[in-house]
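Geometric and topological summary
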Amino acid sequence: VTVDLAVLALCCVSWLCAQIAMGANADQQMETLELKAESNACASLLATICDAHFFLNKQLNFEQHERNLSSILVQSSHTKDRSFAQFLATPQDQERFVRTAESARAKHSTLAQVMHVGMRDGLGNVIP
């Protein structure tokens, strides 16, 4: 009888652990869906009000090829994994951009910032 009770108790504990794990997984899935919906809403808003918007990785390189920016800058090559700073017009703009991005990373800031910088097109012309 004691073996049966021990097996029953073990089954109950296993079942309870499985329920907790499935509940946590369901919560994570819901949170992921909500974050994706928010991301899509933000991307839609940015696409409406900006000529180009993009995401950079930790190295400040483009996460994916950005067609709108390539079109604006008359760039024939892909932007994916290229440094955004190389498109900036002056070393001062590059330094200011990198400094601002590193400061935001150090503060763990998730807020976007607006910064006006000059850029160069595919022919090397400065776009103010």
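For the structure, see preceding data.
Residues numbered from 1 in each chain as written. Predicted model: local features only at pLDDT ≥ 70, side-chain atom pairs only at ≥ 80, totals over all residues. Heavy atoms only, no water.

**Concerning the environment of glutamine 59**
Positionally, glutamine 59 belongs in the loop between α1 (2–49) and α2 (67–72). Judged by relative accessible area, glutamine 59 falls into the exposed class, the value being 55%. Taking the C-alpha atoms as reference, glutamine 59 lies 9.8 Å from valine 98; in sequence the two are 39 residues apart. (Helix = DSSP H or I, 4+ residues; strand = E, 2+ residues; numbered from the N terminus. Buried < 20%, exposed > 50% of the residue type's maximum accessible area, 1.4 Å probe, protein only.)

**Some remarks on the pattern of salt bridges**
With the rule as written, the count across this model stands at two salt bridges. Ionic pairing is found between aspartate 93 and arginine 96, a salt bridge with its closest N-O pair at 3.5 Å. In this pair, aspartate 93 and arginine 96 are both assigned in helix α3 (residues 91–106), three residues apart and thus about one turn of the helix distant. Residue class for aspartate 93 comes out buried when judged on its relative accessible area of 13%. We note a salt bridge from arginine 99 to glutamate 95, for which the minimum N-O separation is 3.3 Å. Residue arginine 99 and its partner glutamate 95 are both found in helix α3; the two are separated by four residues, about one turn of the helix. What makes arginine 99 partly exposed here is its relative accessible area of 46%. Judged by its relative accessible area of 52%, glutamate 95 is exposed. (Salt bridge = Lys/Arg side-chain N within 4 Å of Asp/Glu carboxyl O.)

**Remarks on unusual backbone geometry**
Its identity is not glycine, yet valine 74 carries a phi of approximately 50 degrees, on the positive side. Along the chain, the position of valine 74 falls in the loop between α2 and α3. You will see that aspartate 81, though not glycine, has its phi angle at about 65 degrees, which is positive. With respect to the secondary-structure elements, aspartate 81 resides in the loop between α2 and α3.

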